Amino acid sequence: MAFIKIQNVVINTSYVAAVKLDHQTSLGEESVSVLIATPKFPLLQLDTIAQNFYHYEWVEFTGSAATALQDYFTSFNNVIDLLPPYQESNVG
């Protein structure tokens, strides 16, 4: 388990479900969005059959925070790139 701090937000990387790199806000700003999946603990075990066990929330970062996250999540120490750069444009 690792933690990353971006401005006033601390993220437990164990709960990061997905990251959108090279994204843009509705205003055209460059952004990085992180999907956080946190476990939900129902009060009654009988209610867990039909419920989703996780709460999902996208958190969007812009400016220097987006740049820092872009660097972190594209670092070869943190992420293994499965496709060479010339093949990434073909992925949909």
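This text follows the structure it describes.
Residues numbered from 1 in each chain as written. Predicted model: local features only at pLDDT ≥ 70, side-chain atom pairs only at ≥ 80, totals over all residues. Heavy atoms only, no water.

Chemist: Talk me through the packing of aromatic side chains; I want residue IDs and the actual numbers.
Modeler: Tallying each qualifying case throughout the model produces 2 aromatic pairs. Measuring from centroid to centroid gives 6.4 Å for Tyr-54 and Tyr-56, while their planes differ by 45°, and the two rings are tilted. On the basis of relative accessible area, Tyr-54 is assigned to the partly exposed category, the value being 40%. For Tyr-56, a relative accessible area of 43% corresponds to the partly exposed category. Judged by centre distance (4.9 Å) and plane angle (90°), the ring pair of Tyr-72 and Phe-73 falls under edge-to-face. The class of Tyr-72 is partly exposed, set by a relative accessible area of 26%. (Phe/Tyr/Trp six-rings, centres within 6.5 Å; stacked < 30°, edge-to-face > 60°. Buried < 20%, exposed > 50% of the residue type's maximum accessible area, 1.4 Å probe, protein only.)

Chemist: Got a sec to walk through the sheet that holds strand β5 (residues 54-62)? Specific residues and values, please.
Modeler: The strands that make up a sheet are held in pairs by hydrogen bonds between backbone atoms, and each pair lies either parallel or antiparallel. The 3 strands are arranged β3-β4-β5 in an open sheet whose pairing can be described as antiparallel. Each having just a single partner strand, β3 (16-24) and β5 make up the two edges of the open sheet. Neighbouring strand axes in the sheet, compared pairwise and without regard to direction, differ in orientation by 15° on average. Where strand β4 (residues 30-39) lies against β5, 9 bridges are found, and the strand directions are antiparallel. Bridge assignment links Ser-33 to a residue of β5, and that residue is Glu-60. (Pairing = 2+ DSSP bridges. Helix = DSSP H or I, 4+ residues; strand = E, 2+ residues; numbered from the N terminus. Axes fitted to C-alpha atoms, helices over the stretch in contact; angles between N-to-C directions.)

Chemist: Go over unusual backbone geometry with me, naming the residues and quoting the values.
Modeler: Even without a glycine there, the phi angle at Gln-7 is positive, about 50°. For Gln-7, the position within the fold is in the loop between β1 (3-6) and β2 (9-12). On the basis of relative accessible area, Gln-7 is assigned to the exposed category, the value being 53%. In this structure, Asp-22 is a non-glycine residue whose phi angle is positive, near 55°. Checked against the element boundaries, Asp-22 lands in strand β3.

Chemist: If you had to explain the nonpolar core to someone new, which residues and values would you point to?
Modeler: Counting 11 residues, the largest nonpolar core is built from Ile-4, Ile-6, Ile-11, Val-32, Val-34, Ile-36, Phe-61, Ala-65, Ala-66, Leu-69 and Phe-73. Mapped onto this core, the elements with two or more residues apiece are β1, β4 and α1 (63-74). Broken down by element, the residue count for this core peaks at 4 residues, all from α1. For Val-32, the contacting residues outside a window of four places in its chain are Val-19, Lys-20, Leu-21, Val-59, Glu-60, Phe-61, Ala-66, Leu-69 and Gln-70. (Core = buried A, V, L, I, M, F, W, Y, C linked by side-chain atoms within 4.5 Å. Contact = heavy atoms within 4.5 Å.)

Chemist: Could you give an account of the environment of Phe-3, naming the residues involved and the relevant values?
Modeler: Locating Phe-3 in the fold gives a position in strand β1. Spatially, the C-alpha atom of Phe-3 lies 8.4 Å from that of Ser-14, the residues being 11 residues apart in sequence. If sequence neighbours within four positions are ignored, Phe-3 has contacts with Val-10, Ile-11 and Asn-12.

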